[in-house]
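Okay, here's what each chain looks like letter by letter:
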Amino acid sequence: VFRGRVVSMSTHAFSHGVGPLRFHDPKQVSRDEVILPDGLLEQIERQVAGIAEHREFLRSHEQHLKRGVRLFGPPGTGKTHVINYLLGKLPEFTAVLVSGTAVERISEACSIARKLHPALVIVEDVDLIAEDRGARGGSHPLLLQLLNALDGIGNDVDVAFVLTTNQIEVLERALAARPGRVDLAVEVPLPDKAGRRRLFQLYAEGLGLPPDAINRFADRCE
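Okay, so let's go over this structure. Source: prediction; values computed, not measured.

With respect to the layout of surface pockets
Considering only enclosed or pocket space, the largest pocket measures out at about 240 Å³ in volume. Lining the largest pocket are 15 residues; nearest its centre among them are Ile 35, Gly 76, Thr 77, Gly 78 and Leu 199. Counting only elements with at least two residues in the lining of the largest pocket, the list comes to helix 3 (79–89) and helix 6 (193–203). Partitioned by chemical class, the residues of the lining of the largest pocket number ten nonpolar, four polar and one charged. What the second largest pocket holds in volume is close to 150 Å³. As for the second largest pocket, its lining consists of Gly 4, Arg 5, Val 6, Pro 26, Gln 28, Leu 87, Gly 88, Leu 90, Pro 91, Phe 93 and Ala 95. In terms of residue class, the lining of the second largest pocket is built from seven nonpolar, three polar and one charged.

Some thoughts on the pattern of salt bridges
Within this structure, the stated rule accounts for eleven salt bridges. With a closest N to O distance of 2.5 Å, Asp 158 and Arg 67 form a salt bridge. Here the residue Asp 158 occupies a position in the loop between helix 5 (141–152) and strand 6 (159–165), and Arg 67 occupies one in strand 3 (residues 67–72), the gap between them amounting to 91 residues. The buried category is assigned to Asp 158, whose relative accessible area is 0%. The exposure class assigned to Arg 67 is buried, which follows from its relative accessible area of 1%. Here Arg 216 and Asp 212 are joined by a salt bridge, their closest N and O atoms 3.3 Å apart. Of this pair, Arg 216 and Asp 212 are both found in helix 7 (residues 211–220), four residues apart, which corresponds to roughly one turn of the helix. Each member of the salt-bridge network shares a partner with another, and the members are Arg 31, Glu 42, Glu 45 and Lys 89.

Some details on the packing of aromatic side chains
Inspection of the entire model under this criterion finds two aromatic pairs. Note on Phe 2 and Phe 23: the rings are 5.5 Å apart at their centroids and 10 degrees apart in plane angle, and the pair reads as stacked. Residue Phe 2 is located in the segment before strand 1 (6–11), and its partner Phe 23 is located in strand 2 (residues 18–24); the two are separated by 21 residues in the primary sequence. Given the relative accessible area of 39%, Phe 23 is considered partly exposed. Residues Phe 200 and Phe 217 carry aromatic rings whose centres are separated by 5.6 Å and whose planes lie at 45 degrees to one another, so their mutual orientation is tilted. Residue Phe 200 is located in helix 6, and its partner Phe 217 is located in helix 7; the two are separated by 17 residues in the primary sequence.

Reading the values: rules and limits
- Residues numbered from 1 in each chain as written.
- Predicted model: local features only at pLDDT ≥ 70, side-chain atom pairs only at ≥ 80, totals over all residues.
- Heavy atoms only, no water.
- 1 Å grid on protein atoms, 1.4 Å probe; cavity = no way out; pocket = protein on both sides within 12 Å on 5 of 7 lines; lining within 4 Å.
- Points joined across faces, edges and corners; volume = space filled by probe spheres on them.
- Helix = DSSP H or I, 4+ residues; strand = E, 2+ residues; numbered from the N terminus.
- Nonpolar A, V, L, I, M, F, W, Y, C, P; charged D, E, K, R; others polar.
- Salt bridge = Lys/Arg side-chain N within 4 Å of Asp/Glu carboxyl O.
- Buried < 20%, exposed > 50% of the residue type's maximum accessible area, 1.4 Å probe, protein only.
- Phe/Tyr/Trp six-rings, centres within 6.5 Å; stacked < 30°, edge-to-face > 60°.

As structure tokens, this is what we get:
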């Protein structure tokens, strides 16, 4: 029932158990609709989809399949948009979305991913649970859960973690300290002029705007 679908977990205010799994239909995003600086999307594809394409070869050489990608940048630059594109590119993957109050269920999310791999574990706004331990005192149970999940899911399973954050500067450095945790960090930046022009061309399709108007708009929204 759940294999190959996009699901998220909810939490109950009066229960310590995992709430019901909810199904989602992600927005279909084509490659032409992902406007990023040259080379960035290729890096992400190689890390997430490329390893999946070569899983049997890698297993035969005793290489681990679990991997992590961190997408960071200002709000609204397209991090979730990139994830929707990846979901469309990997229809056989089960995707487990962890966000909001459900971040406390990261261990359960990883258990689901292990059972139903190939899988993606998507943790949005990971800074909510993975703040640098030196920034404030006290215990960090959710951070430790996340680190244990990254380490303990097993090297033989085809699971990719995709973490997003608007505040990379506050993240715990241990997230990238071992292979198989976060192997690639990609900045999804504010678009430059060429990127803004491509965005206007994409979203103004059918409006009949002349090229000089698109250039003016790209200048005005610096």
